[in-house]
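# Descriptive analysis of the structure
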Amino acid sequence: MKNHERQNNRGTMFITGATSGFGEAIAKQAAAVGFQLVLTGRRADRLEQIRDHLGSSVIKTLCFDVRDCDATHEAIGSLTDIQIPQVLVNNAGLAVGKGPVDEGIYDDWNRMIDTNVKGLLHVTRELTPRMKQGARIINIGSVAGRQPYPGGAVYNASKFAVDGLTHAMRMDLLPRGIQVAQVAPGAADTEFSLVRFKGDAAAAASVYHGFEPLTADDVADSVLYIATRPPHVSIQDLLIMPAAQASAYHFHKS
Ligand code: NDP
Ligand code: 8X3
């Protein structure tokens with residue numbers, strides 16, 4: 001991010017999945033422009049590393065699994081009023097496995113739906129009653145939530161759900177003056193593919209062969225753009241793709 005001036009008091013940004021990839025990059029860019037941060041994820045060691053790196057910008061870390069509604073309730077219930085966000089970034093999510101639906105693995109399906117859909121709902125349900133007029137929610141969707149692709153059925157369905165929820169949340173929260181946006185990225189080189197392919201580094205790397213994928217910073221830049229618009233401006237939807245990607249399944253590879 002180059003053009004945003006640092007301000008001393010941008011309020012609090014609450015980021016789910018801040019331990020790697022987009023969430024970590026969003027945290028770093030948000031700290032650089034003056035947000036105070038509440039950072040969440042399951043890996044406590046990563047949260048501590050990021051807190052050490054960002055110093056006093058991090059006002060709270062919360063280590064919990066968004067799939068667990070009781071743990072989410074307890075973690076968010078521990079926040080003081082100042083820690084309730086001006087900007088909530090619903091970013092935590094994952095794909096697990098890739099293959100046809102008639103060979104699907106129930107545990108993979110449950111992990112995706114429980115994290116990407118129910119996890120987003122748990123966090124939103126716990127935070128929104130305490131969020132104030134002028135706050136923003138930014139949901140991380142995906143091009144996979146715009147167009148399905150072979151082998152992606154349940155991940156696709158979970159991200160189509162994020163798209164639908166974004167629209168519905170925007171209408172529900174309109175009377176309270178809370179804006180709801182979606183950032184939907186195409187292929188980005190994070191830990192996403194390593195998680196999807198269950199630690200198979202060669203399979204993960206092959207996803208990005210022959211073209212230049214987005215970086216986590218590219219996506220964070222879009223999130224920060226939305227988060228720093230003037231109060232009367234609501235960016236509702238932002239689809240961001242690598243130059244070599246035309247749709248969920250059209251790539252130009254060398
Ligand atoms: P990463 O794997 O690098 O990051 C995923 C983050 O989600 C981690 O911080 C992880 O933290 C957190 N997370 C996963 N499951 C849970 C859970 N059950 N509870 C709490 N936190 C959880 O991937 P990305 O940064 O790429 O992914 C971020 C989001 O972007 C996801 O929603 C993904 O679907 C989406 N996306 C990714 C694209 C890509 O190509 N990379 C493109 C489009 C969208 P921890 O393991 O510590 O819990
Ligand atoms: C992640 C992008 O195309 O691998 O949401 O599904 S893709």
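Right above here is the structure, for reference.
The numbers attached to residues start from 1 for each chain and follow its sequence in the written order. The lettering of chains begins at A and the numbering of ligands begins at 1, in the order of writing. Local features in this predicted model are restricted to residues whose pLDDT is 70 or higher, and side-chain atom pairs enter the listing and the counts only when it is 80 or higher, whereas totals over whole chains, interfaces and linings include all residues. With hydrogens and water excluded, all non-hydrogen atoms of the structure serve as input to the side-chain values.

Now for the overall build of the chain. By the criteria applied, helices consist of DSSP H or I runs no shorter than four residues and strands consist of E runs no shorter than two, each listed in order from the N terminus. Of regular secondary structure, the chain possesses eight helices and nine strands. Between the two quantities, the radius of gyration covers C-alpha atoms and the globule rule is 2.2 Å times the number of residues to the power 0.38. Scaling as 2.2 N^0.38, a compact globule of 254 residues should have a C-alpha radius of gyration of about 18 Å, and the chain matches this with 17 Å. Structurally, the chain occupies a C-alpha span of about 45 × 40 × 40 Å along its principal axes. Across the 254 residues in the chain, those meeting the buried criterion constitute 49%. Look at the contacts in the chain between residues 6 or more apart in sequence, and 69% of them connect residues 24 or more apart. Buried means the residue's accessible area, taken with a 1.4 Å probe over protein chains only, is under 20% of the maximum for its type, while exposed means over 50%, and partly exposed covers the values in between. Contacts are residue-level and defined by heavy atoms, with any inter-residue pair within 4.5 Å sufficient.

The next point concerns the packing of helix H1 (residues 21-32) against helix H8 (residues 216-227). For every element, the axis is a line fit to its C-alpha atoms; helices are fit only across the contacting stretch, and the angle between N-to-C directions ranges from 0 to 180 degrees. Axis separation between H1 and H8 bottoms out at 8 Å; the angle between their running directions is 55 degrees. The orientation of H1 with respect to H8, classified from their angle, is oblique. Seen from above, H1 lies across H8 with right-handed handedness. Judged by residue contacts, Gly21, Phe22, Ala25, Ile26, Gln29 and Ala30 of H1 engage Ala216, Asp217, Val219, Ala220, Asp221, Val223 and Leu224 from H8. Roughly parallel refers to an angle under 35 degrees, roughly antiparallel to one over 145, roughly perpendicular to one between 65 and 115, and oblique to any angle outside these ranges. Crossings are sorted by hand: turned counterclockwise from the far helix by less than a right angle, the near helix makes the crossing left-handed, and turned clockwise it makes it right-handed.

All right, on to the site of ligand 2 then. Close to ligand 2 lie Ser142, Ala144, Tyr149, Tyr155, Phe192 and Arg196, which account for all nearby residues. In the analysis that follows, any N or O atom pair within 3.5 Å is treated as a polar contact, provided that within protein one partner can donate a hydrogen and the other can accept it, and provided that, for residues neighboring in sequence, both atoms belong to side chains. The separation between an oxygen atom of ligand 2 and a polar side-chain atom of Ser142 is 2.5 Å. At a separation of 2.5 Å, an oxygen atom of ligand 2 approaches a polar side-chain atom of Tyr155. Here, Shrake-Rupley sampling with a 1.4 Å probe gives the accessible areas, and only protein chains in the shown set may cover a residue. For ligand 2, the accessible surface in isolation is 240 Å², of which the surrounding protein chains cover 83%. Residues that form the shell around ligand 2 fall into these classes: four nonpolar, one polar and one charged. Only a single heavy atom is needed: when it lies within 4 Å of a molecule or strand, its residue is near that molecule or strand. Just so you know the grouping, Ala, Val, Leu, Ile, Met, Phe, Trp, Tyr, Cys and Pro go in nonpolar, Asp, Glu, Lys and Arg go in charged, and all remaining residues, Gly too, go in polar.

Where burial is concerned, the two faces of strand E1 (residues 12-15) agree: the one with Thr12 and Phe14 and the one with Met13 and Ile15 are both buried. Note on pairing: DSSP must find at least two bridges between two strands before they are called paired. When E1 meets strand E2 (residues 36-41), the two strands line up parallel, connected through four bridges. Within the sheet, the bridge partner assigned to Met13 lies in E2 and is Leu37. Direction of pairing for E1 relative to strand E4 (residues 87-90): parallel, over a ladder of three bridges. Paired with Ile15 across the two strands is Val89, which belongs to E4.

Let us now look at the nonpolar core. In plain words, nonpolar cores are sets of buried Ala, Val, Leu, Ile, Met, Phe, Trp, Tyr and Cys residues tied together by side-chain atoms within 4.5 Å. Met13, Ile15, Ile26, Phe35, Leu37 and Leu39 are the most contacted members of the largest nonpolar core, which has 33 residues in total. If you list the elements that add at least two residues to this core, you get E1, H1, E2, helix H2 (44-54), E4, strand E5 (136-140), strand E6 (179-185) and H8. Once you skip the residues sitting within four places of it in the chain, Met13 turns out to touch Ile26, Ala30, Phe35, Gln36, Leu37, Val38, Pro85, Val87, Val89, Leu224 and Ala227. Membership of the second largest hydrophobic core comes to 23 residues, among which are Leu62, Leu120, Ile137 and Val162.

For the rest of this paragraph, the subject is the pattern of salt bridges. Put simply, a salt bridge is a Lys or Arg side-chain nitrogen that is within 4 Å of an Asp or Glu carboxyl oxygen. Per the counting criterion, the structure on display carries ten salt bridges. Note that Glu191 is salt-bridged to Arg43, the shortest N-O span being 3.2 Å. Of this pair, Glu191 sits in the loop between E6 and helix H6 (192-196) while Arg43 sits in the loop between E2 and H2; the two residues are 148 residues apart in sequence, bridging distant segments of the chain. In this structure Glu191 comes out as partly exposed when scored by relative accessible area, which is 27%. On the basis of relative accessible area, Arg43 is assigned to the partly exposed category, the value being 32%.

Right, let's get into the layout of surface pockets. The pocket and cavity definitions rest on a 1 Å grid over protein atoms only: a 1.4 Å probe that fits but cannot leave marks a cavity, an open set with protein on both sides within 12 Å along at least five of seven lines marks a pocket, and residues lining either have an atom within 4 Å of a point. Grid points are joined across faces, edges and corners, and a volume is the space filled by probe spheres set on the points. Here the largest pocket defines a volume of roughly 1,100 Å³. What lines the largest pocket is a set of 48 residues, and nearest its centre among them are Gly93, Leu94, Tyr155, Thr190 and Phe192. For the lining of the largest pocket, the elements supplying multiple residues, two or more each, are H1, E2, helix H4 (106-127), helix H5 (153-173) and H6. Among the residues making up the lining of the largest pocket, the classes are represented as 22 nonpolar, 16 polar and ten charged.

Below, the discussion takes up the site of ligand 1. In the vicinity of ligand 1 there are 29 residues, among which Thr19, Arg42, Asp65, Tyr155 and Thr190 approach most closely. Here Tyr155 contributes a side-chain N or O atom positioned 2.7 Å from an oxygen atom of ligand 1. Across the shell around ligand 1, the residue classes tally to eleven nonpolar, twelve polar and six charged.

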